[in-house]
Amino acid sequence: MWMLYSATMLPAFLLLFFMGTSIRLSEAMSRDEKNKLRNQVLEMFDHAYQNYMDHAYPADELMPLTCRGRVRGLEPSRGDVDDALGKFSLTLIDTLDTLALLNKTVEFEEAVRRVVADVRLDNDIVVSVFETNIRVLGGLLGGHSMAVMLKESGRMLWYQDELLHMAKDLGLRLLPAFNTSSGLPYPRVNLRYGVRGPETRTGTETDTCTACAGTIILEFAALSRFTGDPTFEAHARRALDFLWEKRQRNSNLVGTTINIHSGEWVRRDSGVGAGIDSYYEYLMKAYILLGDDQFLQRFNTHYASIMKYISQPPLLLDVHIHKPLLPARTWMDSLLAFFPGLQVLKGDIRPAIETHEMLYQVTKKHNFLPEAFTTDFRVHWAQHPLRPEFAESTYFLYKATRDPYYLEVGRTILENLNRFARVPCGFAAMKDVRTGSHEDRMDSFFLAEMFKYLFLLFAEEEDLPFNVEDYVFTTEAHLLPLSLSTASNSQPPPVVNNVAVEELDDSNFEWTCPNTRLLFPDPAFPRNLREPIRSAVDKSCPRPITHREPGMGRPPLRAQDFMANNPEHLELLRRMGVSLIHLKDGRVQLVQHATQAVSAVAAEDGMRFMQEMMELSSQQQKEQLPPRAVQIVSHPFFGRVVLTAGPAQFGMDLSKSSSGVRGYVTVAEPYNGCSELSNGEIVAGRIALLQRGQCMFAEKARHIQKAGAIGGIVIDDNEGSSSDTAPLFQMAGDGRNTDDVTLPLLFLFHKEGNILLEALKEYREVEVLLSNKARDRGTDGAEEEDCSTEEKDQTSPASSEPVDQSQVTTQEQTTDDPVVEQEPVQPAEGLGSYVPVDVGEEPAVDGDSDSQSVDSLMADWQEDLEAFKQMEKDEL
């Protein structure tokens with residue numbers, strides 16, 4: 001697509017210079033190597049697509065860990081994420097033109113027949129207008145474009161525009177959302193009932209994101225031009241016109257969220273990532289597809305402001321639209337990874353190279369781009385749902401520069417997907433890039449976008465069934481033909497509020513093809529741009545700060561020295577009027593009654609102690625250890641099952657181990673590990689499984705260490721607990737010096753622990769790897785410096801600290817007595833000390849999931865086992 005504004009406009013000698021320069025920048029990849037990687041892309045696509053068809057179709061998406069389809073209403077709600085699901089076989093529709101591009105003509109024709117025969121669009125279900133437009137309407141239009149292309153070449157002669165008819169039906173079902181005074185669409189619509197009336201269960205929203213309202217024009221304009229009905233394009237243009245009118249006139253920036261009725265900005269932060277991203281993309285691409293100069297003018301106006309205020313190469317930081325010199329936040333989200341690709345289309349390649357290189361270095365540190373990361377490149381949100389934007393920008397940069405460096409970037413993407421995301425039933429999203437744990441989801445955009453861009457990156461021109469330069473990619477990578485620019489849509493000149501749009505300002509136009517003589521005066525120019533960025537990211541992990549600020553005041557008993565199982569400390573608490581209450585869930589609650597203190601001075605000391613405890617709580621919430629991983633590496637799992645585990649504040653620090661601890665597991669006897677083991681000869685040299693309860697965690701660790709164990713895994717005794725629905729926690733010591741504990745100890749919730757126990761029951765010999773992050777079979781053990789957490793505990797707590805106070809909170813009381821709650825330090829019931837570990841913002845989980853029975857969990861697990869067995873047969 002980019003070559004439309006390069007090959008057709010640049011003299012031939014400039015193109016030769018461009019390509020000759022890029023070949024000298026990096027060692028060229030051989031044709032055989034490119035073909036090998038292209039074929040690998042095809043194999044990976046087949047693995048994902050076939051598993052969707054075998055295990056999920058006609059459901060909207062595949063759940064790759066449990067090898068079944070995700071049907072909305074049958075699975076626990078994930079909140080807004082589920083608004084993309086409409087019971088319309090989302091993944092199949094989203095994948096149609098990918099099949100065609102990858103030369104899978106037979107599969108494409110079969111998929112079209114399935115969509116036409118099976119998919120219903122009149123479901124009584126509320127869906128996202130934005131997601132349904134880009135994924136389903138875009139998928140139908142892209143599929144129609146491919147079917148027409150194949151029919152013109154003599155194949156699929158039976159095709160009579162069935163996908164286009166479905167697209168128009170869907171477009172008409174989306175139109176009620178645009179029935180607002182502003183023209184901005186409601187964010188959701190009921191496919192059967194629209195947005196009006198109680199049966200719609202929607203239409204009460206007042207806000208929408210800028211991208212949600214501004215990412216309609218390509219699909220709606222294409223639908224109008226394919227069908228000759230101007231209604232769709234008119235509505236999309238009206239929404240874009242309104243957003244343009246509401247831009248902040250001084251900064252020429254738009255906010256993230258807008259009121260669809262009043263046009264007031266609800267969120268005034270502005271960037272190029274989530275909430276705004278594809279609005280800018282569609283202004284540029286609407287110009288490319290429709291040939292309307294007005295869209296280019298608007299894009300150039302916005303782009304100048306982006307480069308003036310938001311771009312701080314290589315960073316792209318949100319600002320306030322009214323005060324654009326004031327940063328709005330100190331982190332970036334992964335969706336901005338599309339922007340270097342858009343800059344290539346713009347012809348501004350230097351900042352594209354710089355930002356892409358920053359993203360690549362972050363990717364190399366964490367294997368994938370975290371959903372959000374800070375300006376010093378630490379994890380802010382740890383998830384990664386297999387987003388394709390980085391691959392997209394990699395393809396466009398290679399297209400523009402022909403620098404083989406970007407082929408190596410693509411190879412890295414492929415390797416990481418295969419090593420860390422591939423599972424027997426497809427590819428699973430990363431729940432936490434720090435540990436390598438998985439989430440049971442494979443979004444439709446993974447098939448729609450990721451494999452398109454990777455295939456195009458490694459394919460030669462003769463590998464492609466058609467000329468991609470004749471098409472424009474939508475934000476979901478669907479293919480719309482550029483010939484639509486000459487198609488009539490019977491559209492009158494656009495007006496805003498009954499006033500003709502102002503004449504275009506020619507001074508604001510910029511050509512989109514770059515002058516390669518100026519961009520690359522030196523053959524090493526791109527490499528010279530990348531080097532300082534690589535160095536900056538490599539140096540972004542400062543040395544740990546081990547100094548801890550003391551608490552407020554100096555009472556006789558310092559909160560940081562408090563040990564809940566120390567009788568002397570408990571007596572001091574009593575004298576200060578502080579009561580310690582053990583709660584059923586293992587927490588302890590500290591309550592002060594000043595009137596119960598032995599003296600006024602003691603009461604004052606008690607107040608200081610409580611203040612200090614709260615201060616420590618606030619401070620230590622920022623000093624928590626990241627989660628760890630328990631990876632099952634033996635037959636038939638081979639490292640493909642990764643369980644998220646909580647760390648201990650004592651024992652071996654797995655983050656400092658390049659290889660982790662690997663060994664076979666065995667159940668300790670007694671299972672609680674609270675006394676000397678009776679099966680010590682079996683535990684020796686193995687990783688012991690223990691049940692939580694009846695004694696402190698450190699005591700369990702000492703008993704298995706004495707028996708010769710090389711590690712330990714504590715399994716929660718709270719039936720039904722799961723890392724999916726509860727925050728992880730880290731195990732604290734017992735108030736004694738824990739330097740004698742040298743083995744690693746990790747904690748698994750009940751659900752994850754049962755997976756391990758069931759595997760042991762099924763296969764007897766189960767080998768696991770305890771580590772700070774999951775590893776693949778090909779890993780040599782060499783790890784980069786850990787930069788995985790935004791706020792990271794620097795050292796294990798001093799031995800004098802039996803309790804991490806990070807969960808101390810205040811509570812409202814009917815009296816004026818202060819109350820502090822502290823995560824458990826309950827020696828009496830032996831629950832051990834733990835503190836939740838913040839693993840980033842997770843999607844909301846429906847409360848019904850808490851009631852999921854153990855039988856159901858085991859049924860899911862049995863499905864996994866069958867899938868693993870089938871995988872083994874397939875490999876053989």
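Below, the structure is looked at part by part. Along each chain, residue indices are assigned from 1 in the same order as the chain's sequence is written. Totals for whole chains, interfaces and linings use every residue, but because this is a predicted model, local features are given only for residues with pLDDT of at least 70 and side-chain atom pairs only at 80 or more, for both listing and counting. In computing side-chain values, all of the structure's heavy atoms are included and hydrogens and water are not.

Bringing the overall build of the chain into the picture now. The way it works is that DSSP assigns letters per residue, a run of H or I at least four long becomes a helix, a run of E at least two long becomes a strand, and they are numbered from the N terminus. Looking only at helices and strands, the chain features 24 helices and 36 strands. Split into buried and exposed, the 876 residues of the chain put 62% on the buried side. Residue pairs in contact within the chain that sit at least 24 positions apart in sequence constitute 73% of those at least 6 positions apart. Here's how the labels work: a residue is buried when its accessible area is under 20% of the maximum for its type, exposed when over 50%, partly exposed in between, all with a 1.4 Å probe on protein chains only. Whether two residues touch is decided by their heavy atoms; if any such pair falls within 4.5 Å, the residues are in contact.

On to the state of the cysteines. Cysteine sulfur atoms are paired as a disulfide whenever they fall within 2.5 Å. Per the stated rule, a full pass over the model turns up three disulfides. Disulfide pairing is shown between Cys67 and Cys425; the S-S distance is 2.0 Å. On the S-S bond that ties Cys67 to Cys425, the torsion sits near 95°, and the link is right-handed. Taken together, the positions of Cys67 in the loop between β1 (61-63) and β2 (68-70) and Cys425 in the loop between β15 (422-423) and β16 (426-427) put the pair 358 residues apart, joining distant regions of the chain.

On to the environment of Ser678, then. One can find Ser678 in the loop between β27 (661-667) and α21 (680-683). Residue class for Ser678 comes out exposed when judged on its relative accessible area of 55%. Setting aside residues up to four positions removed in sequence, Ser678 forms contacts with Glu669 and Pro670.

Here Val148 shows up in helix α5 (residues 129-152). In this structure the C-alpha to C-alpha distance between Val148 and Tyr159, which are eleven residues apart in sequence, comes to 7.9 Å. Contacts of Val148, omitting those with residues within four sequence positions, involve Tyr159 and Asp161.

Think of a salt bridge as a Lys or Arg side-chain nitrogen and an Asp or Glu carboxyl oxygen that are within 4 Å of each other. Taken as a whole and assessed by the stated rule, the structure comprises 48 salt bridges. One salt bridge in this structure joins Arg188 and Asp83, with 2.7 Å as the shortest N-O distance. Residue Arg188 is found in strand β4 (residues 188-190), and its partner Asp83 is found in the loop between β2 and α3 (90-101); the two are separated by 105 residues along the sequence. Residue classification places Asp83 among the buried positions, given a relative accessible area of 9%. The partner of Arg120 in a salt bridge is Asp122, with the nearest N and O atoms 2.7 Å apart. Where salt bridges share partners, they join Glu61, Arg78, Asp82, Glu131 and Arg135 into one cluster.

By convention, a stacked pair of Phe, Tyr or Trp rings (six-membered ring in the case of Trp) has centres within 6.5 Å and planes under 30 degrees apart, an edge-to-face pair has planes over 60 apart, and any other such pair is tilted. On inspection of all chains with the given rule, the structure shows 27 aromatic pairs. Ring plane angle 70° and centroid distance 4.9 Å describe the contact between Phe446 and Phe451, whose orientation is recorded as edge-to-face. Here a set of aromatic residues connected by ring pairs shows up, and it is made of Phe45, Tyr49, Phe427, Phe446 and Phe451. Here the basic side chain of Arg247 rests over the ring of Trp244, its NZ or CZ set 3.8 Å away from the ring centre. Here, a charge over a ring is recorded when the distance from Lys NZ or Arg CZ to the ring centre is within 6 Å and its angle to the ring normal is within 35 degrees. Arg329 extends its terminal NZ or CZ atom over the ring of Trp331, reaching a point 3.9 Å from the ring centre.

This part takes up the sheet that holds strand β29 (residues 711-715). What links the strands of a sheet is backbone hydrogen bonding, and the strands pair in either a parallel or an antiparallel sense. For two strands to pair, DSSP has to find at least two bridges joining them. What the seven strands build is an open sheet, ordered β26-β25-β32-β27-β28-β29-β31; its pairing is mixed. Each end of this open sheet is capped by a strand with a single partner; those strands are β26 (641-645) and β31 (745-748). This sheet shows a mean twist of 35° between the axes of neighbouring strands, independent of strand direction. As paired elements, β29 and β31 share four bridges and run parallel to each other. Residue Gly712 lies in a different strand from β31, and its bridge partner there is Leu745. Each axis is a line fitted through C-alpha atoms, taken for helices only over the stretch in contact, and angles between the N-to-C directions span 0 to 180 degrees. Strand contacts of helix α23 (residues 750-763): β25 (628-632), β26, β27, β28 (687-691), β29, β31 and β32 (767-771), with the helix running at about 105° to β31, the strand carrying the most contacts.

Further remarks concern the sheet that holds strand β5 (residues 207-209). On the basis of which strands lie adjacent, the open sheet formed by three strands has the order β5-β6-β7 and antiparallel pairing. Each end of this open sheet is capped by a strand with a single partner; those strands are β5 and β7 (265-267). Adjacent strand axes in the sheet meet at a mean angle of 35° when their direction is disregarded. Where β5 lies against strand β6 (residues 257-259), three bridges are found, and the strand directions are antiparallel. In the strand pairing of β6, Thr208 is matched with Ile258.

On to the nonpolar core. Nonpolar cores are built from buried Ala, Val, Leu, Ile, Met, Phe, Trp, Tyr and Cys residues. Side-chain atoms within 4.5 Å join them into one set. Of all hydrophobic cores here, the largest spans 174 residues; its most connected members are Phe108, Tyr280, Leu417 and Phe427. The element best represented in this core is α5, accounting for eleven residues. When residues no more than four places from it in sequence are discounted, the contact partners of Leu417 are Met44, Phe368, Leu386, Arg422, Phe427, Phe446, Met450 and Leu454.

Expected span, for any helix, means 1.5 Å times one less than how many residues it has. Along its 13 residues, helix α6 (residues 162-174) runs 19 Å from first to last C-alpha, staying within 8% of the 18 Å computed at 1.5 Å per residue. Every buried residue of α6 is listed here: Leu163, Leu164, Met166, Ala167, Leu170, Gly171 and Leu174. The arc that holds the buried residues of α6, viewed along the axis, is 155°, so those residues lie on one side. Buried residues along α6 sit in contact with α3, α4 (105-118), α5, β4, α8 (217-227) and α9 (231-245). Note that the arc is defined by the directions from the helix axis to the C-beta atoms.

Take unusual backbone geometry next. The step from His635 to Pro636 runs through a cis peptide bond, and the omega angle for that step is 0°. Unusually for a residue other than glycine, Lys87 sits at a positive phi of about 60°. By the element assignment, Lys87 lies in the loop between β2 and α3. Judged by its relative accessible area of 47%, Lys87 falls in the partly exposed class. With a phi close to 75°, Asn367 is a non-glycine residue in the positive phi region. Residue classification places Asn367 among the buried residues on the basis of a relative accessible area of 17%.

Turning to the packing of helix α14 (residues 389-401) against helix α16 (residues 444-458), a few remarks are in order. α16 packs onto α14 with a crossing angle of 25° between their chain directions and a minimal axis gap of 9 Å. Judged on the interaxial angle alone, α16 and α14 are roughly parallel. The element α14 and its partner α16 pack so that their crossing is left-handed. For the pair formed by α14 and α16, the contact residues are Ala391, Glu392, Thr394, Tyr395, Phe396 and Tyr398 on the first element and Met450, Tyr453, Leu454, Leu456 and Leu457 on the second. Polar here means any residue other than Ala, Val, Leu, Ile, Met, Phe, Trp, Tyr, Cys and Pro, which are nonpolar, and Asp, Glu, Lys and Arg, which are charged; Gly is therefore polar. Across the contact of α14 with α16, the residue classes tally to nine nonpolar, one polar and one charged. Here roughly perpendicular refers to angles of 65 to 115 degrees, roughly parallel to angles under 35, roughly antiparallel to angles over 145, and oblique to all remaining angles. Note: crossing handedness is left-handed where the near helix turns anticlockwise from the far helix by less than a right angle, and right-handed where it turns clockwise.

On to the packing of helix α2 (residues 31-55) against α3. In the contact formed by α2 and α3, the axes pass within 12 Å of each other and the chain directions differ by 145°. α3 is crossed by α2, and the crossing has left-handed handedness. On α3, the residues touching Phe45, Tyr49, Tyr52 and Met53 of α2 are Thr91, Leu92, Thr95, Thr98 and Leu99.

Next up on the list: the pairing of β32. Of all the five residues making up β32, five are buried; the element is thus mostly covered by neighbouring parts of the structure. Neither face of β32 is exposed, since Glu767, Leu769 and Ser771 on one face and Val768 and Leu770 on the opposite face are all buried. Note that β25 and β32 share four bridges and pair antiparallel. If you follow Ala629 over to β32, its bridge partner there is Ser771.

Another aspect to go through is α5. Over its 24 residues, α5 extends 33 Å from the first C-alpha to the last, a length consistent with the 34 Å expected when each residue adds 1.5 Å. Of all the bends in α5, the greatest measures close to 30° and is centred on Gly138. Any pair of N or O atoms that falls within 3.5 Å is considered a polar contact. Within protein, one atom must be able to donate a hydrogen and the other to accept it, and sequence-neighbouring residues count only if both atoms are side-chain atoms. Among the residues of α5, the N-terminal cap falls to Ser128, whose side-chain oxygen and the backbone nitrogen of Phe130 are separated by 3.3 Å. Where α5 ends, the next residue or the one after it, Gly154, has phi of about 100°, a positive value. The angle between axes fitted to the seven-residue stretch ending at a residue and the seven-residue stretch beginning at it gives the bend at that residue.

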